Amino acid sequence: MRRYLRIVVLCLACGFCSLLYAFSQLAVSLEEGAGGRGGKPQAAAASWLTGGGRGGSRGVGSVGPAAHPGPSDRCKDFSLCYWNPYWMLPSDVCGMNCFWEAAFRYSLNVQPIQRMHLAVVACGERLEETVTMLKSAIIFSIRPLQFHIFAEDQLHDSFKGILILKEVDSLLYVDTDILFLRPVDDIWSLLKKFNSTQIAAMAPEHEEPRIGWYNRFARHPYYGKTGVNSGVMLMNMTRMRRKYFKNDMTTVRLRWGDILMPLLKKYKLNITWGDQDLLNIIFFHNPESLFVFPCQWNYRPDHCIYGSNCQEAEEEGIFILHGNRGVYHDDKQPAFRAIYEALRNCSFKDDNIRSLLKPLELELQKTIHTYCGKIYKIFIKQLTKSIQDRYDRPPKER
């Protein structure tokens, strides 16, 4: 009896090895086939990759352009292979290496360190704002960051390392007037809170309906009671590319790339805030697809200009500061400007980062004649913690 069992086990082992060999040959053939295809035209973008960890060694222009991947190293984005089944990988990353990585991802003992992807559109006179935003992201973040910067032609020379924006799984889009007061890692972790239908996350446009814009003036559909603000938008790009969206133009559901232009043509005379209005229309018809995060992740002058109305920020501090209305560059909201000036003038040297808090608090105390200045402590509450956390880490990880 044992002899027959050994023969059966041996036959099963041989069959399994043969199956693996067949799949590996299939992977090789797919890679060779993909190698002969022409490249797809894509939008031009500037992309900077910062190294892992924190600190001054990860300066804004620290890394140059990456080479375009060839057939032999098409699996540079290991996370794409690791987290997706082999048969669902895009054609430009398939190959034998990706086959083994995708097939055996659950047996790997070491989890890959995934990059966080941050995108911004820099238009007009937004260079200084953009650099300050990037600096705030680099100073506090822990995991590696890759920046995708879409710029006008006249700004391209200022952003070194222009690369083609590659297909990524997840992306954090921010306006140029954003300042990170805690690590990007923390908002990135909200991706794990998405349910199976959610593809993107944004904060409400207003917390208080009585001062809301959409519920009082909008001439188009909008999400929820007061709409959403697109200044900070976290996206699962893989789900967005696969989803078919309900809409009010046709009974047929449309993909993301097919819905935007028709939507713009229909509502072009009724929209005021551009892409944000289009997003509100889309998520009005697809509310199950949106994850709404608290106002402290997108704190704007509207949250304090008429009195404090962001309870989460009052309790835990501001996580991401959004200086819309041009408040970084005028004296209407000096509390916002004080934070911007402090981070703009801060260098990556450890001593400078550590010493910015005291002068900043003194500047904020001068703003108490404004509604936002009266609650100035919420502006530095999380910033103080982020700086302390930075120095609690070993020097090599800063």
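Every chain's residues receive numbers from 1 upward, in the order its sequence appears when written. Local features are withheld for residues below a pLDDT of 70 in this predicted model, meaning they are given only at 70 or higher, and side-chain atom pairs are given and counted only at 80 or more; totals for whole chains, interfaces and linings count all residues. Calculation of side-chain values draws on the structure's entire complement of heavy atoms; hydrogens and water are dropped beforehand.

S.K.: Help me understand the overall build of the chain, please; the structure alone is not making it clear to me.
M.R.: Looking only at helices and strands, the chain features 15 helices and 12 strands. A separation of at least 24 residues holds for 72% of the contacts in the chain among residues at least 6 apart in sequence. Split by element, the accessible area of the chain, about 20600 Å² in all, is 57% carbon and sulfur. Numbering of helices and strands starts at the N terminus; helices are DSSP runs of H or I of at least 4 residues and strands are runs of E of at least 2. Contact between two residues is taken to exist if any of their heavy atoms lie within 4.5 Å; hydrogens are not considered. Every accessible area reported is derived by Shrake-Rupley at a probe size of 1.4 Å, with residue values counting cover from the shown protein chains alone.

S.K.: Explain the packing of aromatic side chains here, please?
M.R.: Each aromatic ring pair is summarised here by two numbers: the centre-to-centre distance and the angle between the ring planes. Centres within 6.5 Å make a pair out of two Phe, Tyr or Trp rings, where for Trp the six-membered ring is used; the pair is then stacked when the planes are under 30 degrees apart, edge-to-face when over 60, and tilted otherwise. Evaluation of the coordinates by the stated rule reveals 11 aromatic pairs. Considering the side-chain rings of Trp213 and Phe217, the 5.8 Å spacing of their centres and the 55° angle between planes classify their relative orientation as tilted. Taken together through their ring pairs, the aromatic side chains of Trp213, Tyr214, Phe217, Tyr222 and Trp273 make up a single cluster. In this analysis the charged atom, NZ for Lys or CZ for Arg, is taken to sit over a ring once it is within 6 Å of the ring centre and within 35 degrees of the ring normal. One cation-aromatic arrangement involves Arg182 over Phe319; the distance from NZ or CZ to the ring centre is 4.2 Å. Of note, Arg390 hangs over the ring of Tyr391, and the distance from its end group to the ring centre comes to 5.6 Å.

S.K.: What exactly am I supposed to notice about the pairing of strand E5 (residues 170–174) here?
M.R.: A regular strand carries its side chains on alternate faces of the sheet. E5 sits mainly inside the fold: five of its five residues count as buried. The buried label applies to any residue whose accessible area, calculated with a 1.4 Å probe on protein chains only, is under 20% of its type's maximum; exposed applies above 50%, and partly exposed to all values in between. Neither face of E5 is open: one carries Ser170, Leu172 and Val174, the other Leu171 and Tyr173, and all of them are buried. Strand pairing is assigned whenever DSSP detects at least two bridges linking the two strands. In this sheet, E5 lies alongside strand E2 (residues 116–122) in parallel orientation, the contact comprising two bridges. Its bridge partner lying in E5, Leu118 is registered against Leu172. Relative to strand E8 (residues 228–236), E5 runs antiparallel, the two sharing five bridges. Residue Ser170 lies in a different strand from E8, and its bridge partner there is Asn236.

S.K.: What's the story with the confidence of the model for the chain in this structure? I'm lost.
M.R.: Caution applies to low-pLDDT regions: their predicted coordinates should not be interpreted in detail. How sure the predictor is of each residue is captured by pLDDT, a score from 0 to 100. Summarising the model, the chain shows a mean pLDDT of 78, and 68% of its residues fall at 70 or more. Per-residue pLDDT stays below 50 along residues 34–74; that stretch engages in 105 contacts with residues further than four places along the chain or on separate chains. In the predicted structure, residues 157–165 sits below a pLDDT of 50 and forms 32 contacts with residues beyond four places in sequence or in another chain.

S.K.: Can you help me understand unusual backbone geometry in this one?
M.R.: A negative phi angle is the norm for most residues apart from glycine, just as the trans form is the norm for most peptide bonds. At Arg325, a residue that is not glycine, the phi angle is positive and equals roughly 65°. In this structure, Arg325 sits in the loop between strand E12 (320–322) and helix H11 (334–345).

S.K.: Sorry, what's going on with the side chain of Asp277 here?
M.R.: Here Asp277 shows up in helix H9 (residues 275–285). Charge counting follows a simple rule: Lys and Arg are positive, Asp and Glu are negative, and His as well as the terminal groups are ignored. Here, a salt bridge means any side-chain nitrogen of Lys or Arg that lies within 4 Å of a carboxyl oxygen of Asp or Glu. At 8.5 Å, Arg219 is the nearest oppositely charged side chain to Asp277, a buried residue that forms no salt bridge.

S.K.: Would you take a moment to explain the packing of helix H8 (residues 256–267) against H9 for this structure?
M.R.: The axes of two packed helices give the description: the angle between them and the distance between them. Every axis in this analysis is a line fitted to C-alpha atoms, fitted for helices over the stretch in contact. Angles between the N-to-C directions lie between 0 and 180 degrees. The contact between H8 and H9 brings their axes to 10 Å, and the two run at 110°. Judged by the inter-axis angle, H8 sits roughly perpendicular to H9. When you trace H8 past H9, the crossing you get is right-handed. Between H8 and H9, the residues in contact are Trp256, Ile259, Leu260, Leu263, Leu264 and Tyr267 and Leu278, Leu279, Ile281 and Ile282, respectively. Each residue gets one of three labels, nonpolar for Ala, Val, Leu, Ile, Met, Phe, Trp, Tyr, Cys and Pro, charged for Asp, Glu, Lys and Arg, and polar for the others, Gly among them. A per-class count over the contact of H8 with H9 returns 10 nonpolar, no polar and no charged. Comment on the angle field: the value is read as roughly parallel under 35 degrees, roughly antiparallel over 145, roughly perpendicular from 65 to 115, and oblique elsewhere. Left-handed is the label given to a crossing in which the near helix is rotated counterclockwise from the far helix by less than a right angle, and right-handed is the label when the rotation is clockwise.

S.K.: Sorry, what's going on with the pattern of salt bridges here?
M.R.: Side chains bearing opposite charge may pair, as long as their charged atoms lie close to each other. Scanning all chains against the criterion turns up 13 salt bridges. Taking the shortest distance from any N to any O, the salt bridge between Lys366 and Glu363 comes out at 3.1 Å. Owing to a relative accessible area of 57%, Lys366 belongs among the exposed residues under this scheme. You can call Glu363 partly exposed: its relative accessible area is 39%. Sharing partners across several salt bridges, the network here consists of Glu128, Asp331, Arg337, Glu341 and Arg344.

S.K.: What exactly am I supposed to notice about helix H4 (residues 127–140) here?
M.R.: What sets the pattern is the α-helix's 3.6 residues per turn: residues three or four places apart point alike. In a regular helix each residue adds 1.5 Å, so 14 residues correspond to 20 Å; H4 covers 21 Å between its end C-alpha atoms and thus fits that length. Along H4, 11 of the 14 residues are buried, which leaves the element largely enclosed by surrounding structure. For H4, the full list of buried residues reads Glu129, Thr130, Thr132, Met133, Leu134, Lys135, Ser136, Ala137, Ile138, Ile139 and Phe140. Multiplying 1.5 Å by the helix residue count minus one yields the expected span of that helix.

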